[in-house]
Amino acid sequence: MPIEGDYEPSSWDWVRDQVEAYERSGGREANTLRDTGMPVIIVTTTGARSGKVRKFALMRVEHGGDYALVASKGGSPENPGWYNNVKAHPHVMIQDGPAPFDALAEEVAGEEKAAWWDRAVAAYPPYADYQRATDRPIPVFVARRSD
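To start, this report covers the structure provided alongside it. Here the structure is a predicted model, which is why all the values come from computation and not from measurement.

### So, the overall build of the chain
Thought 1: Counting its regular elements, the chain contains 4 helices and 7 strands.
Thought 2: The order of α-helices and β-strands along the chain, N terminus first, is α-β-β-β-β-α-β-β-α-α-β.
Thought 3: A globule of 147 residues ought to have a C-alpha radius of gyration of about 15 Å, and the chain, at 14 Å, matches this closely.
Thought 4: Each of the three principal axes of the chain carries a C-alpha extent, and together these read 35 × 30 × 30 Å.
Thought 5: Expressed as a percentage of the 147 residues in the chain, the buried residues total 43%.
Thought 6: Looking at the chain alone, contacts between residues at least 24 apart form 63% of all its contacts between residues at least 6 apart.
Thought 7: Accessible surface computed for the chain: about 7,800 Å², of which carbon and sulfur atoms make up 50%.
Thought 8: Each charge sign in the chain was given a centre, from 17 positive and 22 negative side chains, and these centres are 2 Å apart.

### Let's talk about the packing of aromatic side chains
Thought 1: Using the criterion set out here, one finds 9 aromatic pairs in the structure.
Thought 2: Positioned over the ring face of phenylalanine 101 is arginine 145, at 3.7 Å from the centre of the ring.

### A closer look at the pairing of strand β6 (residues 100-107)
Looking down a regular strand, the side chains alternate between one sheet face and the other.
Thought 1: The pairing of strand β5 (residues 91-95) with β6 spans 5 bridges and is classified as antiparallel. Bridge pairing in β6 places glutamine 95 opposite proline 100.
Thought 2: What sits between β5 and β6 in their antiparallel hairpin is a turn of 4 residues, with glycine 97 showing a positive phi close to 115°.
Thought 3: Where β6 and strand β7 (residues 140-145) come together, 5 bridges link them in antiparallel fashion. Counted as the bridge partner of alanine 103 is arginine 145 from β7.

What counts and what doesn't
Residues numbered from 1 in each chain as written. Predicted model: local features only at pLDDT ≥ 70, side-chain atom pairs only at ≥ 80, totals over all residues. Heavy atoms only, no water. Helix = DSSP H or I, 4+ residues; strand = E, 2+ residues; numbered from the N terminus. Rg over C-alpha atoms; globule rule 2.2 N^0.38 Å. Buried < 20%, exposed > 50% of the residue type's maximum accessible area, 1.4 Å probe, protein only. Contact = heavy atoms within 4.5 Å. Areas by Shrake-Rupley, 256 points an atom, 1.4 Å probe, with all protein chains shown as cover. Lys, Arg positive; Asp, Glu negative; His and termini not counted. Charge placed at Lys NZ, Arg CZ, Asp CG, Glu CD. Phe/Tyr/Trp six-rings, centres within 6.5 Å; stacked < 30°, edge-to-face > 60°. Lys NZ or Arg CZ within 6 Å of the ring centre and 35° of its normal. Pairing = 2+ DSSP bridges.

See the structure below:
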């Protein structure tokens, strides 16, 4: 079931603009991280406190139809705001191309996290630098199709 409700765009202009361009074009535009050429997906969540619909781009880390959601926040000491949203409301929507789909996100640990972390670093090598830059273990969710 799609995530519905009041949409509150990001307060960051570049995030808001990227999401709007990606959705408007069915993923043909704004489908890479700024000027890096690295592919992204759009993730839709429900705000943990506000209950509002939130959207943001994340690096595309896909394996067997499942997607890693890496809560790196560039290696900062705290988790990104969306982390709490996904913990509170694990039903997310993933858009990787023209049409979004429903998924259930689960934070992974142990060997499963290690395997997904390796995939994430292979897809976006700066993740390794981000982990070295922070004392917190960077959380990884796996979003699996639920529709």
